Amino acid sequence: MFAYVIRRALYAIPILIGVNLITFALFFVVNTPDDMARMHLGMKRVTADAIEKWKAERGYDRPLLYNRQADGAERVTATIFFDKSVRLFAFEFGSSDAGRDIGQDISQRMWPSLAIALPTFLIGLLVYISFAMLLAFFRGTYLDISGVALCVILMSISGLFYIIAGQYVFSKLLHLVPVSGYEPGWLAWRFVLLPVAIGVFAGIGSSSRWYRTIFLEEINRDYVRTARAKGLPEGRLLFRHVLKNAMVPILTGVVVVLPTLFMGSLIMESFFAIPGLGSYTIEAIQKQDFAIVRAMVFLGSALYILGLLLTDLSYTLVDPRIRLS
Amino acid sequence: MTQPLLQVKDLSVRIGNGDSAIRPVDGLSFHIRHGETFALLGESGCGKSMTALALLRLLPRPAGEIVSGSVLLNGKELLAFTENGMRSVRGGSIAMIFQEPMTSLNPVMSIGAQIAESLQQHKGLSGKTARHRVVELLDDVGIPDAEQRYGEFPHQLSGGMKQRVMIAIALAGDPDLLIADEPTTALDVTIQEQVLELIKKLQRQRGMAVMLITHDLGVVAEMADRVAVMYAGQLVEQAPRDAFFGNSKHPYSDKLFAALPDSSKREERLTVIPGTVPPLNQVFYGCRFADRCERAWEHCQSHIPGWFETGVEQGVRCHLADPTLSPGGNRETVVQHDTRVKTPVEKSVQRALLDVEELKVYFPIHKGLFKRVVGQVRAVDGVSLSISSGQTLALVGESGCGKTTVGKGILQLLKLTAGSVRFEEHELTELKGEGLRRRRSDFQIIFQDPFSSMNPRMSVGDIVEEGMIAQGIGGKAQQRKQRVHELLQQVGLRTEHARRYPHEFSGGQRQRICIARALAVNPKLIVCDEPTSALDVSVQAQILNLLQDLQGELGLSFLFISHDLSVVSYLADRVAVMYLGRIVEEGDVGDVLDNPQHPYSQALLSAAPRVNTDGERRSIRLEGDLPSPSSPPQGCHFHPRCRHVKPECRQSYPSLTRLTETHQLRCHLFEGLEAKP
Amino acid sequence: MIQPVILWTDALVFVLLAVVFSFALYARNKEHLRAPWREVVRSRMAVASLVVLTVYTITGLLDSVHFRKALPMHEGQQEVQYSGDVLSLLDELLGDMRTQVEKTYSSPFAMHLYTRESVIGDDGEQYRTFPRLEYGGAHLANREERSADIALRTGQALFQAVAVMLVLSVLLAAWLAKRWKLSLAAALRRILRGESDMPWRTAIAAIFIFAFIVTLTASLANVYHVFGTDKVGKDVLYQTIKSIRTGLVIGTLTTLVMLPFAVFLGMMAGYFRGWVDDVIQYLYTTLNSIPGVLLIAATVLMMQVYMDNHPELFETMAERADLRLLFLCLILGITSWTGLCRLLRGETLKLRELDYVQAADAFGVPKSTILVRHLLPNLLHLVLIAVVIDFSGLVLAEAVLSYVGVGVDPTTMSWGNMINRARLEMAREPMVWWSLLAAFSFMFTLVLAANLFSDVVRDAFDPRLRAQR
């Protein structure tokens with residue numbers, strides 16, 4: 001099993017390299033740094049000097065892959081590729097196009113992101129699984145049918161609607177929580193409450209329906225029939241037998257996102273003005289700050305790959321067939 | 001007469017609603033006494049499993065429903081119980097074990113916990129006492145090292161062991177009645193014997209009644225006190241075992257016996273039951289078996305037969321037994337047993353069509369950090385055999401012994417590790433790409449599972465035609481179509497079937513289509529990989545007859561892969577017995593099956609339950625499971641399970657001993673007994 | 001004089017149409033494909049949602065036939081000059097809705113602007129008042145007449161819709177009567193009692209509702225702003241209807257783009273295994289590991305830079321916006337093929353071990369034939385299910401992406417853009433809610449119909465799920 005985990009970890013390396021190459025190609029090959037400079041400085045009336053200056057300030061004035069002018073190792077290291085892409089492997093994100101230290105920003109901004117994303121994730125999981133279990137318990141009855149119908153309706157509504165409607169009802173009409181904003185420390189709960197509630201609610205439709213399908217699939221298996229023939233009550237059957245087996249497919253979808261929770265939710269943070277990584281990314285996109293977007297792409301991929309690794313590990317916890325092989 | 005343990009009256013089950021609703025169980029009445037074994041015999045789809053589920057009220061919901069009847073357990077009406085009350089019956093008074101031990105255990109719970117769960121439910125045991133009792137139970141069902149096995153998970157156990165665990169779960173509640181639904185169908189004969197033996201032993205010890213559901217007459221003969229035959233949702237005959245086997249009353253039962261292949265029937269065609277079981281979504285106006293019955297007359301088509309008592313605890317549902325009726329016409333003369341001698345086959349022994357030498361197929365085992373190859377699964381480990389034109393060689397062995405791999409290896413469907421396969425003097429292993437492709441019309445294969453062997457998205461005509469197109473034979477489209485029609489007729493189907501799709505056919509019909517598909521390219525050799533093991537006895541006989549006829553007409557050679565010795569004894573000319581990737585004994589069918597010499601062959605033969613024994617039989621029981629082919633035992637592969645083991649058996653693999661011209665084996669017991677040429 | 005304009009997405013939409021059509025022809029003779037579809041159309045839910053989807057699709061198709069109108073000729077001008085405005089057939093049908101632009105916000109059915117303005121009255125004095133709209137309710141003398149007018153027009157529309165429904169039902173009944181070999185009256189009875197195999201009654205009811213909506217729109221939308229107007233006075237209903245095409249294009253073209261990748265690579269990986277499998281698995285794991293929104297954002301940003309630097313490539317604004325829409329579909333396609341690819345790979349791995357593939361091998365059937373004849377047809381239902389399920393997700397994704405600023409071009413009319421713009425209007429006092437409502441309700445109708453439809457399709461095509469029922 002240990003070898004298995006190590007192998008999975010080693011497998012992550014080529015993937016990260018692949019991600020890195022893709023982002024490099026996307027950011028520096030599709031458009032040259034000159035194009036980017038022109039874009040930032042305004043399309044018209046831009047002088048060659050201004051472009052050079054803009055590039056030099058941000059370190060985009062070097063050759064892409066190979067520096068003929070430099071000596072020794074510098075020939076490779078004093079390039080955009082090395083400076084902007086390879087350094088990402090060491091999680092050195094450099095500075096943004098606006099001149100701020102990205103690493104610093106990330107370390108500050110991930111906590112508010114987590115404050116929203118983690119509760120949403122945990123409460124969501126609990127709510128969806130319970131709701132799905134409820135539907136599975138009452139399968140075939142009107143409760144189940146109307147529950148599924150409700151799920152389909154809920155999942156047909158745009159997530160943006162939940163946010164806008166939620167803000168309107170709870171903040172504007174009822175004045176229960178502030179519309180938006182954030183405050184570090186324990187006082188954050190007032191700001192966290194609504195986004196979390198909306199985040200959980202918005203996912204009920206699709207997630208519960210999916211989990212219900214998984215449960216129903218398990219309920220039809222032979223071992224459940226065996227358990228029933230033992231005379232076990234239905235509730236025990238669901239919790240001890242079905243839930244435990246259903247955890248395998250559920251974990252596949254769930255554990256992967258665990259590390260990416262740090263990245264926050266773009267939409268939620270931007271609507272509620274949470275100073276997290278999600279809104280950081282959105283701002284960067286809107287300001288066309290390529291350095292930040294590049295850093296976030298890499299960070300996101302790295303966290304996702306970590307998620308894959310954790311998924312593999314979590315299988316070994318719930319599935320003895322993997323644990324013992 | 002004392003009160004029976006279980007009294008079932010007029011039980012009817014419905015599945016589904018509206019027009020598509022079927023009645024898999026329709027007015028079933030029987031009883032089971034304390035401590036006896038009651039066998040419910042029937043072919044697939046006759047409703048026997050549904051009966052068992054209905055007794056425990058475990059029918060699939062919401063589709064299934066008990067529509068009428070009464071089930072009295074010790075005089076108490078089970079159908080009146082609340083769901084809550086029913087739970088104490090399930091696993092308590094009545095326990096059940098299922099056919100598929102592979103899927104019937106929860107894969108993520110340790111076996112100990114699964115047994116303990118039942119103990120807690122019915123005995124209120126928990127903690128140490130429960131654990132102690134679980135270990136006892138594991139011991140009782142013959143699982144070695146019970147203490148250590150407690151924490152193991154189902155995937156760590158073999159099929160036989162899993163079925164033992166299932167039995168332990170069933171025993172946990174000290175049931176009065178054990179319902180065993182095809183408990184050994186998924187297991188090999190030698191394991192089947194162990195499990196049946198175990199059930200018998202436990203029954204004796206605990207005085208528990210057993211309701212044994214099976215399709216296997218042999219198992220019934222061995223186990224049952226009383227037998228009930230089920231057909232199309234109804235009981236058609238009920239009798240004590242000896243009466244049943246000595247003198248069955250219902251034409252259907254008669255036919256079942258007659259359809260069993262056997263070496264004694266070698267020279268004749270097997271009796272077949274024409275047609276198939278009628279669909280159960282209709283209203284019947286006559287006898288359900290009438291369409292397939294040779295002794296039926298008009299009365300049978302128009303009147304539903306009643307139940308007639310013909311003796312003590314003996315009865316039959318047939319108009320023939322009605323004393324007030326005399327069979328229409330002079331029926332007795334019309335009864336025809338198909339005793340036509342089968343077409344004699346010109347067995348040309350001179351020239352070997354296929355010659356296999358030292359065939360080896362290894363599958364590498366990858367492990368560790370970089371998936372290095374750390375070992376080999378020696379699926380086939382040096383098999384040599386040869387088949388002459390027009391001959392049938394049967395390859396016999398338990399699952400996992402590598403017999404299917406041999407078949408596929410010969411056809412070059414797998415990558416061979418070593419060895420030579422010569423077909424008509426051509427070395428197939430050296431052929432590649434186009435060269436091999438062109439030779440493929442000479443050797444074909446028929447698979448075991450008639451459901452997965454045809455592309456569900458292609459019409460039957462296209463399926464049969466495919467080989468001709470690939471091989472570029474059969475001429476133009478029109479001619480090919482003509483040929484497809486001929487082939488379908490040849491295998492007993494109709495030409496209009498060409499336009500239909502596989503799912504519209506029954507298992508037996510599908511197997512016929514597969515045979516037609518193989519014949520389309522005019523092969524000389526057909527590898528039949530357990531072609532009848534997924535079929536019911538009556539249908540199996542049809543297919544075996546067809547194969548026999550085709551061999552006679554076309555001079556085909558068969559490599560017949562099977563685990564079923566009765567089929568082999570009926571069909572084969574020569575038999576090779578495989579154990580763990582190697583052939584341990586080979587010879588003419590008479591040599592091997594009537595006079596087996598290798599201890600494994602002997603055990604295999606004696607393990608197969610047979611109909612015509614008087615219950616108390618010989619029995620060379622094999623202990624333990626088939627070892628893993630990735631680490632076969634040192635020396636003779638069979639020695640850990642062999643009763644005659646000698647010191648050298650642990651040292652070296654025995655060399656080939658030729659007992660007679662036609663009979664050879666590999667066993668240390670016989671070394672030096674070589675027949676002098 | 002008009003000049004036809006074929007935008008990239010138009011072309012692809014019609015390619016898609018051709019693909020669907022030829023698939024239907026292919027499926028006609030295949031029982032295994034026909035049977036599930038029969039099951040689909042027997043479900044009332046499916047028929048109702050199919051009607052909704054058809055209406056949306058027709059709207060989208062009408063909006064995909066583009067042209068430019070000729071400008072009036074000047075003196076001495078040799079060649080005809082064409083307007084820079086690219087119009088569609090739908091614009092023609094919607095008539096004046098496009099051009100009836102007010103000054104700024106007005107609420108649904110309003111006759112006056114939503115905001116006070118300084119108006120110089122007849123007496124030369126300045127008033128702060130809500131001025132009358134230029135078009136909305138302009139045919140009415142005063143506010144009191146409005147309710148009666150709306151009621152009257154609604155009545156007319158209802159009458160027309162009933163007429164349409166009657167005509168259609170009689171036509172349908174006549175057709176079915178011929179098929180069932182019944183008299184017209186008997187066929188009609190059978191339909192209305194719901195005794196037919198297909199739920200024709202549901203279809204008629206759904207058609208009636210939509211006929212009513214269409215006639216109602218036709219009679220009201222040209223004299224009122226049914227959903228009000230936005231900040232620059234444009235009719236909101238018009239924008240919502242025009243957004244339909246964007247939603248459909250994203251929902252369908254994306255799948256069209258990704259399908260070849262997913263199907264081809266998935267099958268190759270599963271069938272050939274070995275290094276082919278390794279490479280393909282690496283490819284999709286890598287692509288999959290980049291967070292979707294970020295990859296889309298990065299690509300769209302880069303594309304924007306590229307387009308800004310090469311303005312000479314585009315003749316009209318519409319072409320530019322269209323190309324951006326196409327690129328968005330491409331990028332969404334690239335990020336979304338991985339799931340289906342993995343699914344198909346797994347299924348192919350299972351299928352290739354099946355006996356019928358081995359049987360084909362034993363016949364020496366070439367590998368390419370095995371892939372096309374044995375594997376592809378047995379994967380098709382998975383592809384179909386994936387396509388139908390993905391559709392609604394993509395429509396919803398468009399809104400989110402446009403909100404983030406990496407969606408369609410800001411000049412393209414789309415629900416996402418509408419929501420994005422309307423978001424700030426929520427903060428206004430008094431609140432402007434109609435743009436949001438219009439966008440959300442149109443989107444909801446489409447997505448709900450698609451979801452319900454996909455449910456039925458999945459149940460019909462997935463034998464595993466069917467066994468569960």
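See the structure printed just above.
Residues numbered from 1 in each chain as written. Chains lettered and ligands numbered in written order. Predicted model: local features only at pLDDT ≥ 70, side-chain atom pairs only at ≥ 80, totals over all residues. Heavy atoms only, no water.

**A word on the overall build of chain C**
Here is step 1 of the chain: Across its full length, chain C holds 16 helices and five strands.
Here is step 2 of the chain: Taking the principal axes of the C-alpha coordinates as reference, chain C spans close to 100 × 70 × 55 Å.
Here is step 3 of the chain: Considering only residue pairs separated by 6 or more positions, chain C has 70% of its internal contacts joining residues 24 or more positions apart.
Here is step 4 of the chain: Within the structure as shown, chain C displays about 22,000 Å² of accessible surface, and the carbon and sulfur contribution to it stands at 64%.
Here is step 5 of the chain: If you average the places of the 43 positive and of the 42 negative side-chain charges in chain C, the two averages end up 11 Å apart. (Helix = DSSP H or I, 4+ residues; strand = E, 2+ residues; numbered from the N terminus. Contact = heavy atoms within 4.5 Å. Areas by Shrake-Rupley, 256 points an atom, 1.4 Å probe, with all protein chains shown as cover. Lys, Arg positive; Asp, Glu negative; His and termini not counted. Charge placed at Lys NZ, Arg CZ, Asp CG, Glu CD.)

**Focus on the interface of chain C and chain B**
Here is step 1 of the chain: Across the boundary between the two partners, chain C contributes 21 residues, which contact 26 residues of chain B.
Here is step 2 of the chain: The contact between chain C and chain B buries some 2,100 Å² in all, and 56% of this surface belongs to carbon and sulfur atoms.
Here is step 3 of the chain: Looking at the side of chain C facing chain B, the largest losses of area belong to Asp 355, Phe 363 and Arg 373 of chain C, adding up to 33% of the total buried there.
Here is step 4 of the chain: Viewed at the interface, chain B and chain C are joined by zero salt bridges.
Here is step 5 of the chain: On the surface where chain C and chain B come into contact, there are 13 residue pairs in polar contact (both at pLDDT 80 or more).
Here is step 6 of the chain: Put simply, the parts of the chain that give the side of chain C that touches chain B at least two residues each are α2 (31–42), α12 (355–362) and α13 (367–404) of chain C.
Here is step 7 of the chain: With seven residues, α12 of chain C is the largest single contributor of residues to the side of chain C that touches chain B. (Buried area = accessible area lost by both parts, 1.4 Å probe. Salt bridge = Lys/Arg side-chain N within 4 Å of Asp/Glu carboxyl O. Polar contact = N/O pair within 3.5 Å; in protein donor to acceptor, adjacent residues only side chain to side chain.)

**Some remarks on the sheet that holds strand β1 (residues 2–5) of chain C**
Residues and elements named next belong to chain C.
Here is step 1 of the chain: Across the sheet, three strands lie side by side as β1-β2-β3; this open sheet has antiparallel pairing. With one partner strand each, in any of the chains shown, β1 and β3 (82–88) form the two edges of the open sheet. For this sheet, the mean inter-axis angle between neighbouring strands, taken without regard to orientation, is 30°.
Here is step 2 of the chain: Strand direction decides the pairing type here: β1 and strand β2 (residues 66–70), joined by four bridges, are antiparallel. Each residue of the ladder has a partner; that of Ile 2, found in β2, is Lys 69. (Pairing = 2+ DSSP bridges. Axes fitted to C-alpha atoms, helices over the stretch in contact; angles between N-to-C directions.)

**Digging into the sheet that holds strand β22 (residues 582–588) of chain B**
Remark on secondary structure: sheet strands pair via backbone hydrogen bonds, oriented parallel or antiparallel.
Residue and element names in this part refer to chain B.
Here is step 1 of the chain: The sheet built from eight strands is open, its strands ordered β18-β19-β20-β15-β21-β22-β24-β23 with mixed pairing. Either end of the sheet is taken by a strand with one partner, and the two such strands are β18 (443–446) and β23 (656–660). Strand-to-strand, the axes of this sheet are offset by a mean angle of 20°, without reference to chain direction.
Here is step 2 of the chain: With five bridges joining them, strand β15 (residues 392–396) and strand β20 (residues 557–562) adopt parallel strand pairing. What sits directly across from Ala 394, in β20, is Phe 560.
Here is step 3 of the chain: In the packing of helix α22 (residues 599–607) onto the sheet, the strands contacted are β15, β21 (574–579) and β22, and the crossing angle to β21 comes to about 100°.

**Focus: the packing of helix α4 (residues 111–123) of chain B against helix α7 (residues 159–172) of chain B**
Residues and elements named next belong to chain B.
Here is step 1 of the chain: At a closest axis distance of 8 Å, the pairing of α4 and α7 adopts a crossing angle of 15°. By the criterion of interaxial angle, the relationship of α4 to α7 is roughly parallel. Here α4 and α7 pass one another in a crossing that is right-handed. On the side of α4, the interface is formed by Ile 111, Gln 114, Ile 115, Ser 118, Leu 119 and Lys 123, while α7 contributes Val 165, Ala 168, Ile 169 and Ala 172.
Here is step 2 of the chain: A breakdown of the residues in the contact of α4 with α7 according to their chemical character gives seven nonpolar, two polar and one charged. (Parallel < 35°, antiparallel > 145°, perpendicular 65-115°, else oblique. Left-handed = near helix turned anticlockwise from the far one by under 90°. Nonpolar A, V, L, I, M, F, W, Y, C, P; charged D, E, K, R; others polar.)

**Description of the nonpolar core**
Here is step 1 of the chain: Tyr 211 and Phe 215 of chain A together with Trp 415 and Ile 419 of chain C are the most contacted members of the largest nonpolar core, which has 203 residues in total.
Here is step 2 of the chain: When we break this core down by domain, the ones giving at least three residues each are domain 1 (2–90) and domain 2 (103–301) of chain A.
Here is step 3 of the chain: The residues touching Phe 215 of chain A, leaving out its near neighbours within four places in the chain, are Ile 129, Ala 132, Met 133, Ala 136, Val 242, Leu 243, Ala 246 and Ile 250 of chain A.
Here is step 4 of the chain: Formed by 76 residues, the second largest nonpolar core is a distinct cluster that contains Leu 59, Tyr 150, Leu 177 and Met 230 of chain B. (Core = buried A, V, L, I, M, F, W, Y, C linked by side-chain atoms within 4.5 Å. Buried < 20%, exposed > 50% of the residue type's maximum accessible area, 1.4 Å probe, protein only. Domains from an automatic or database assignment.)

**A closer look at the interface of chain C and chain A**
Here is step 1 of the chain: Facing the 46 residues of chain C at the interface are 50 residues of chain A.
Here is step 2 of the chain: Sorting the residues of chain C by area buried against chain A places Leu 294, Met 302 and Tyr 403 of chain C first, and these three jointly supply 15% of that buried surface.
Here is step 3 of the chain: On the surface where chain C and chain A come into contact, there are one salt bridge.
Here is step 4 of the chain: Of all the secondary structure elements, the ones that give two or more residues to the side of chain C that touches chain A are α9 (274–289), α10 (292–309), α13, α15 (434–461) and α16 (463–468) of chain C.
Here is step 5 of the chain: Per-element tally for the side of chain C that touches chain A: the top contributor is α10 of chain C, with 13 residues.
Here is step 6 of the chain: Across the side of chain C that touches chain A, the residue classes tally to 31 nonpolar, ten polar and five charged.

**With respect to helix α8 (residues 159–173) of chain A**
Here is step 1 of the chain: For α8 of chain A, spanning 15 residues, the distance from its first C-alpha to its last is 20 Å, which sits close to the expected 21 Å at 1.5 Å a residue.
Here is step 2 of the chain: When α8 of chain A is considered as a whole, its buried residues turn out to be Leu 160, Tyr 162, Ile 163, Ile 164, Gly 166, Gln 167 and Ser 171 of chain A.
Here is step 3 of the chain: For α8 of chain A, the elements touching its buried residues are α7 (142–155), α9 (189–219) and α13 (266–272) of chain A together with α13, α14 (415–422) and α15 of chain C.
Here is step 4 of the chain: Once α8 of chain A finishes, His 175 of chain A follows within two positions and takes phi at roughly 55°, a positive value. (Expected span 1.5 Å × (residues − 1).)

**Topic: the pattern of salt bridges**
One side chain can pair with another of opposite charge once the charged atoms of both are near each other.
Here is step 1 of the chain: Under the definition given, this model contains 55 salt bridges over all chains.
Here is step 2 of the chain: Arg 273 of chain C serves as the salt-bridge partner of Glu 353 of chain C, at 3.5 Å between the closest nitrogen and oxygen. In this pair, Glu 353 of chain C sits in the loop between α11 (317–352) and α12 while Arg 273 of chain C sits in the loop between α8 (236–272) and α9, placing the two residues 80 residues apart along the sequence.
Here is step 3 of the chain: Its relative accessible area of 37% is what places Arg 273 of chain C among the partly exposed residues.
Here is step 4 of the chain: Each of Lys 230, Arg 236 and Arg 240 of chain A together with Glu 117 of chain B takes part in salt bridges that share partners, so that together they form one network.

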